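Structural characterization, general
Take a look at the letters that make up each chain.
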Amino acid sequence: LFKLWEVRQIADTLSVSPAGGASVLVISAPGALSASLAFDTAMRAVVVWTTSEGAHLYYYDTVTLDYVTRSFPGVTSARVAVDDPRAFYTAASDVIFAYTRDGTLYWRQQRDRYDEERVLGPTPGILIKVGLSSVNRLQFEIRGGEIQPIPIDYTSLAYHVSVRKLQGFSPA
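Our subject in this report is the structure included herewith. It should be emphasised that the depicted structure is a prediction, and the values quoted were computed from it without experimental measurement. (Residues numbered from 1 in each chain as written. Predicted model: local features only at pLDDT ≥ 70, side-chain atom pairs only at ≥ 80, totals over all residues. Heavy atoms only, no water.)

Counting buried positions along strand S12 (residues 126–132) gives six out of seven residues, so the element sits mostly inside the fold. Note that S12 and strand S13 (residues 138–143) share six bridges and pair antiparallel. Paired with leucine 127 across the two strands is isoleucine 142, which belongs to S13. (Buried < 20%, exposed > 50% of the residue type's maximum accessible area, 1.4 Å probe, protein only. Helix = DSSP H or I, 4+ residues; strand = E, 2+ residues; numbered from the N terminus. Pairing = 2+ DSSP bridges.)

Tracing the backbone shows alanine 98 in strand S9 (residues 95–101). In this structure the C-alpha to C-alpha distance between alanine 98 and serine 77, which are 21 residues apart in sequence, comes to 8.5 Å. Beyond its immediate stretch of four places on either side in the chain, alanine 98 contacts Ser77, Ala78, Arg79, Tyr106, Trp107, Leu127, Val130 and Phe140. (Contact = heavy atoms within 4.5 Å.)

Counting buried positions along strand S6 (residues 54–61) yields eight of eight residues, so the element is predominantly enclosed. The hairpin turn running from strand S5 (residues 45–50) into S6, its antiparallel successor, is three residues long. Relative to strand S7 (residues 66–73), S6 runs antiparallel, the two sharing eight bridges. In the strand pairing of S7, tyrosine 58 is matched with threonine 69. Counting the residues between successive antiparallel strands, the hairpin from S6 to S7 contains four residues, one of them, leucine 65, with a positive phi of roughly 55 degrees.

Reading across from one edge, S8-S9-S10-S11 is the order of the four strands in this open sheet, with antiparallel pairing throughout. The open sheet has two free edges, formed respectively by strand S8 (75–82) and strand S11 (118–122), since each of these has just one partner strand. When the angles between neighbouring strand axes are averaged without regard to direction, this sheet yields 20 degrees. Sheet analysis places strand S10 (residues 104–109) next to S11, joined by four bridges and oriented antiparallel. Across the sheet, the residue bridging to tryptophan 107 is arginine 118, located in S11. (Axes fitted to C-alpha atoms, helices over the stretch in contact; angles between N-to-C directions.)

With that out of the way, let us pick up the side chain of threonine 104. Considering the arrangement of structural elements, one finds threonine 104 in strand S10. Judged by relative accessible area, which is 16%, threonine 104 ranks as buried. The contact partners of threonine 104, leaving out residues within four places of it in the chain, are Tyr99, Val119, Gly121, Pro122 and Thr123.

Across a sheet, paired strands are connected by hydrogen bonds in the backbone, their directions being either parallel or antiparallel. Pairing within the open sheet is antiparallel, and its four strands lie in the order S4-S5-S6-S7. Each end of this open sheet is capped by a strand with a single partner; those strands are strand S4 (34–39) and S7. Neighbour to neighbour, the strand axes of the sheet diverge by 15 degrees on average, direction disregarded. Here S4 pairs with S5 via six bridges, running antiparallel. Opposite alanine 35, over in S5, you have tryptophan 49 as the bridge partner.

As structure tokens, this is what we get:
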């Protein structure tokens with residue numbers, strides 16, 4: 001069982017809603033070039049978007065008990081995804097914030113409040129997708145060698161998506 005969700009750009013905002021439904025969240029995002037949506041295990045939205053200055057991450061902070069927006073200057077492409085949406089791993093799963101900056105792929109995780117930056121390695125392109133592969137490993141899809149705006153990622157699957165739906169995902 002899964003539910004399809006959308007993040008849409010409307011003027012200077014990003015609107016999060018069930019596919020074809022009314023907005024449940026509207027975030028001010030002037031100059032957004034790309035966006036990505038995920039949900040944590042409590043179904044709280046995590047949204048990342050890029051602008052010409054970098055990336056902005058909107059998430060629920062369990063210390064302040066409120067939503068916060070953090071900025072990450074210099075980020076050129078960014079995506080969020082649940083590292084393991086299977087019900088068995090709910091207690092140990094995180095929303096992963098993956099991004100490229102200065103030709104290198106990085107990631108941060110929800111359990112660290114996205115404070116600790118981890119290096120994955122150099123990359124010649126931009127990050128297009130992040131998700132669980134058919135062999136239960138987090139997969140990062142990189143495309144091209146030239147940095148260009150990525151169209152808004154209009155759909156994202158909620159955290160309880162079945163693994164079969166993510167197997168073998170490919171570029172649109």
